[in-house]
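# Architecture at a glance
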Amino acid sequence: AKLGPGTYLSCAGGVVIGETAVVGNDVSILQGVTLGGTGKEAGDRHPKVGNGVILQNGATVLGNIVIGDGSVITAKSIVTKPIPPLARVSGIPARIRSYRQIIDTQTQTQTTAPSTPENDTKQNCLATAAVGAAAFEDDDLERHLEIKYLEQWTKLAERQLQEEGNSNNSSGAI
């Protein structure tokens, strides 16, 4: 396995990281996380985790899949499919529940990753990450990552919105 700088292992008890797994910079891996293979693949068979990802307690990520930058995998979720950047996923199997919303309080600008067809309730359950504000006073780790990656994640979200707009324009043409 390859672990990027700033990887945080909180109480590394029960953490399993497969041989070919790649973990990006500043990833938080909490207790009981598994980054494993499905048992059906040979060679490169473990997940590739992007920068600034948070893997909460008991999260399981299986297979040679990519977990996008800034994603949050909630506790006890089982992920078997690629996850886009800035997504919050949960469940068995894991589904996108919302996207992280980045608010730069210095410029008062807001950036949100695009919605997906599977995510009907995105607007109702959108988690707000207010950089420099008190939205996550009790979660210093998440706020630290949002401040560190604000510019990068904002560009990612804007690019995804642009791509979504382009695909909507091209699909509506006759």
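The following refers to the structure shown. (Residues numbered from 1 in each chain as written. Predicted model: local features only at pLDDT ≥ 70, side-chain atom pairs only at ≥ 80, totals over all residues. Heavy atoms only, no water.)

### Let's talk about unusual backbone geometry
How we decide: Note on conventions: DSSP H or I runs of at least 4 residues are helices, E runs of at least 2 residues are strands, and numbering of each starts at the N terminus.
The step from Ile92 to Pro93 runs through a cis peptide bond, and the omega angle for that step is -5°. In this structure, Lys76 is a non-glycine residue whose phi angle is positive, near 65°. Position of Lys76 relative to the elements: it lies in the loop between β11 (72-73) and β12 (78-79). A positive phi angle, near 65°, is found at Leu86, a position not held by glycine. With respect to the helices and strands, the residue Leu86 is situated in the loop between β12 and β13 (87-90).

### Remarks on the pattern of salt bridges
Inclusion rule: Basic side-chain nitrogens of Lys or Arg form a salt bridge, by our definition, when they fall within 4 Å of a carboxyl oxygen of Asp or Glu. Buried means the residue's accessible area, taken with a 1.4 Å probe over protein chains only, is under 20% of the maximum for its type, while exposed means over 50%, and partly exposed covers the values in between.
Throughout the structure, instances matching the rule amount to 2 salt bridges. The salt bridge partner of Glu19 is Arg45, with a shortest N-O separation of 2.7 Å. Taken as a pair, Glu19 in the loop between β3 (16-17) and β4 (22-23) and Arg45 in the loop between β6 (34-36) and β7 (48-49) lie far apart in primary sequence, 26 residues in all. Residue Arg45 is classed as partly exposed on the basis of its relative accessible area, which comes to 24%. Lys48 serves as the salt-bridge partner of Asp44, at 2.6 Å between the closest nitrogen and oxygen. On the basis of relative accessible area, Asp44 is assigned to the partly exposed category, the value being 41%.

Purely spatial values, then, with no claim about function.
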